[in-house]
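Summary of the model geometry
So the chains spell out like this:
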Amino acid sequence: MSGQCLLQPSPSRLFPLRSTSTTLSPSVNCRIGVSDYVAVECRNLCFSVSTRQGISVPILRDCSFRIPSGQLWMVLGPNGCGKSTLLKILAGVVNPTSGNVFVEKPKNFVFQNPDHQVVMPTVEADVAFGLGKYHDMSQEEVKSRVIKALDAVGMCDYMQRPIQTLSGGQKQRVAIAGALAESCKVLLLDELTTFLDESDQVKV
Amino acid sequence: MNHSSLAIPTLSLTVTLIPKHPIRHLPPPILRRNPKLVFPLRVNETPTSLAAKRVVRVSATVDGNEKTGNWVNRLPIPGLGAENVFRLISSATGSPIGQFISSPVTFLHSVDPRIKLVWLLTLVVLPARANIVVRLGLVVCTALLSIFVLPRQVWMDQLARVSLLSGILFITLGLGSDGAPAMLQSRTPPSTITSLPNLPMSLSGYSYMLLKLGPLQFTRKGLSVGSTAACLTFIIFQSASICLATTTPEQLALALRWFLFPLTYIGVPVGEIILTLLLSLRFINLVFDEVRSVALGIVSRRVNWKQLTALETLDIFASFIRRIFKNIFRHAEQISQAMIVRGFKGESSSHKIYFFSGSSNKIADFASVLCLIGVISTALLSEYFLV
């Protein structure tokens, strides 16, 4: 185990899969606080929702963990235990009720359903959408990144295809390409392989 | 078709029947009393007893007697049931409407989208102003262009629907616009009132009334109104379809932004308009998908509509609409979340939208501009020469 799991006993569990960086030594980054080697860190994270009757239902309770840079980790747990909610909190879509969250930037998040992720009508425009926040990026560089990202997911031949003509798996690959094009340091993937066939799952 | 006539009950061959509607126990097929099957029967060989062509002659008459007089009215009318409505909804929203076709690449794909927008505007204005000959010429040209540019299945489907719509418009407006009896709106008082001889017929054969069908009459005014409406409908629908089929939404948005750019000097939020347009183009397909999937979901439940009262049926329709809106709002919320995650801060001015318009072919651009000038000139000249 190259990382440290600080989760309280709960249905969901955090597992490191493999290190993607050969130069990183995971054993040196066990310090709480913003470190160069820490990609994601949560401490005492709580999230709850209120029902119509005003009852507070806890989704995440006192969740703490730290994930070093350059590693691939997976959250496992039964349905409805709060995995997607945790990822949304890390992505900044949902604000936690209490606790501290640190996620290294730039970060990106691929939604469970690709229809929720893809916002532009055609493939190339959607992959380029996330690059719109970099004002200093030239058109040529954007084009180059889009082509590289689509090539990485095997969708280079579909650049001008309308999104609605793609299958679920192809939409998922476009969503992944959109995340890859930004060259993020943290990539949050919510059930990435749901819509993919077996060969694509192996590629991922 | 009766499924029972397809079954082969006495052989060990595996025959799989795929019923169109619910699986039910089929009655045994009616076979000849002594079917002489040749054994051993080889695979893919049709039994001789089944090879004979069955011809069933059915005749019926409506003779007006009390027993059979209204039997036609008692026939079930397909297409009016709730399940058929849901089937229609699911199939209608499943067909792509105005969708970009990336291949085969035609010369229209390489025309500048700004020229295409000017063409569209011209084709909206011209048919309403031009002579009927020019109007019909534009219809023929648009139809030929569709055949030349679009794939066969697409143009056949589109031309059939648009022609049907235009035909209905032509007939209804042609007969209805000036169909009232002439006595009520007489341009010349009848001779019985004025006690004057009838006006002589035109020497050139001019006649205001072109066709008379019983109480209905097809006049020159009807021809003008009907042909204008029909031609305009055909040209607008078909030209927009050709434009959307050969231009990506981003290219259209880029062209529109180019035309609207001067409005930014008077404070028009062109960037927001273009982003809204792009999001709408994406969202329209999501709405179609949602309507189709919810309709299919209801059809797949195999609701026994005959057992439901009218109120219960209405309740299902209401829940169908409620579900669609709920899902659409959820989609909108999720997409807005995705936009925030991908760096959109809520201001279109701070988020750059990249348009990959592709390289337009200068020769195609030049040819299309020349054709545009030619069409406009023809339409203008027709007002003087084809009166």
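The present account deals with the structure reproduced in this document. (Residues numbered from 1 in each chain as written. Chains lettered and ligands numbered in written order. Predicted model: local features only at pLDDT ≥ 70, side-chain atom pairs only at ≥ 80, totals over all residues. Heavy atoms only, no water.)

A look at the overall build of chain A
Per the secondary structure count, chain A includes 6 helices and 7 strands. From first element to last, N terminus to C terminus, chain A shows the α and β order β-β-β-β-α-β-β-α-α-α-α-β-α. Every one of the 204 residues in chain A was classed for burial, and the buried ones make up 45%. Surface accessibility of chain A: about 10200 Å² in total, with carbon and sulfur atoms responsible for 50%. (Helix = DSSP H or I, 4+ residues; strand = E, 2+ residues; numbered from the N terminus. Buried < 20%, exposed > 50% of the residue type's maximum accessible area, 1.4 Å probe, protein only. Areas by Shrake-Rupley, 256 points an atom, 1.4 Å probe, with all protein chains shown as cover.)

Focus on a nonpolar patch on the surface
Residues and elements named next belong to chain B. On the surface, a cluster of nonpolar side chains totalling about 510 Å² of accessible area is made up of L121, V124, V125, L165, I236 and F237. Breaking the nonpolar patch down by element, the ones donating at least two residues are α3 (113-129) and α7 (220-246). As for its placement among the helices and strands, V124 is situated in helix α3. Given the relative accessible area of 38%, V124 is considered partly exposed. (Patch = residues over 30% accessible without salt bridge, like charges linked within 9 Å, V, L, I, M, F, W, Y side chains within 5 Å. Salt bridge = Lys/Arg side-chain N within 4 Å of Asp/Glu carboxyl O.)

Focus: the pairing of strand β3 (residues 56-68) of chain A
Each regular strand carries side chains that alternate between the two faces of the sheet. Residues and elements named next belong to chain A. In terms of strand pairing, strand β2 (residues 38-50) meets β3 through 9 bridges, oriented antiparallel. Across the sheet, residue V40 finds its bridge partner in β3, namely I67. In this structure, the hairpin formed by β2 and β3 is closed by a connection of 5 residues, where G54 is found at a positive phi of approximately 85°. (Pairing = 2+ DSSP bridges.)

Let's talk about the side chain of Q71(A)
Residues and elements named next belong to chain A. Mapping Q71 onto the fold places it in strand β4 (residues 71-76). The exposure class of Q71 is buried, given its relative accessible area of 13%. A polar side-chain atom of Q71 sits 2.8 Å from a polar atom in the side chain of W73. (Polar contact = N/O pair within 3.5 Å; in protein donor to acceptor, adjacent residues only side chain to side chain.)

Points about the pattern of salt bridges
Per the stated rule, a full pass over the model turns up 11 salt bridges over all chains. D126(A) serves as the salt-bridge partner of R342(B), at 3.2 Å between the closest nitrogen and oxygen. Within this pair, whereas R342(B) is found in the loop between α10 (310-341) and α11 (362-385), its partner D126(A) is found in helix α3 (residues 123-129), the two belonging to separate chains. Looking at D126(A), the relative accessible area reads 0%, which means it is buried. Between R145(A) and E141(A) there is a salt bridge, with the nearest N and O atoms lying 3.8 Å from each other.

Observations regarding the packing of aromatic side chains
How two aromatic rings sit relative to each other is given by the distance of their centres and the angle of their planes. Residues and elements named next belong to chain B. Here the structure, examined in full by the defined rule, presents 9 aromatic pairs over all chains. Seen in terms of ring centroids, F86 and F320 are 5.0 Å apart; in terms of plane orientation they differ by 80°. Their pairing is edge-to-face. Here F86, found in helix α2 (residues 82-92), pairs with F320, found in helix α10; they are 234 residues apart in sequence, far enough to count as distant. There is no split in this pair, since F86 and F320 are both buried. Counting every residue linked through ring pairs, the aromatic cluster contains F86, W305, F317 and F320. A cation sits over an aromatic face here: R114 above W258, 4.7 Å from the ring centre. (Phe/Tyr/Trp six-rings, centres within 6.5 Å; stacked < 30°, edge-to-face > 60°. Lys NZ or Arg CZ within 6 Å of the ring centre and 35° of its normal.)

Overview of the environment of L232(B)
All names here are of chain B. Among the secondary structure elements, L232 is positioned in helix α7. Between the C-alpha atoms of L232 and A128, which are 104 residues apart in sequence, the distance is 6.8 Å. Those residues in contact with L232 that sit more than four places away from it in its chain are L123, V124, P127, A128 and S227. (Contact = heavy atoms within 4.5 Å.)

Overview of a positive patch on the surface
Together, R52(A), R322(B), R323(B), K326(B) and R330(B) make up a positively charged patch on the protein surface. Turning to its location among the elements, R322(B) is positioned in helix α10. (Lys, Arg positive; Asp, Glu negative; His and termini not counted. Charge placed at Lys NZ, Arg CZ, Asp CG, Glu CD.)

Digging into the sheet that holds β3(A)
All names here are of chain A. Taken together, the 3 strands give an open sheet; going across it, the order is β3-β2-β5, and neighbouring strands pair in antiparallel fashion. Among the strands making up the open sheet, the edge pair consists of β3 and β5 (98-103). Geometrically, the sheet is characterised by an average inter-axis angle of 20° between neighbouring strands, direction not taken into account. Across 5 bridges, the pairing between β2 and β5 is antiparallel. Bridging from a neighbouring strand, E41 pairs with F102 of β5. (Axes fitted to C-alpha atoms, helices over the stretch in contact; angles between N-to-C directions.)

Topic: the interface of chain A and chain B
Quite often, the size of an interface is put as the accessible area lost when its parts meet. Contacts between the two partners involve 40 residues from chain A and, on the opposite side, 33 residues from chain B. Of the roughly 3300 Å² buried where chain A meets chain B, counting both sides, 58% is carbon and sulfur surface. Three residues, H116(A), F129(A) and Q164(A), lead the burial of chain A against chain B; their summed loss comes to 20% of the area buried on that side. Applying the counting rule to chain A against chain B returns 2 salt bridges. Along the contact surface separating chain A from chain B lie 11 residue pairs in polar contact (both at pLDDT 80 or more). When residues of the side of chain A that touches chain B are traced back to their parent elements, those giving at least two are α1 (83-91), β6 (107-110), α2 (114-117), α3, α4 (139-152) and α5 (168-181) of chain A. Among the elements that make up the side of chain A that touches chain B, the one with the highest residue count is α3(A) (6 residues). A per-class count over the side of chain A that touches chain B returns 19 nonpolar, 12 polar and 9 charged. (Buried area = accessible area lost by both parts, 1.4 Å probe. Nonpolar A, V, L, I, M, F, W, Y, C, P; charged D, E, K, R; others polar.)

Everything listed is a geometric property; what it means functionally is a separate question.
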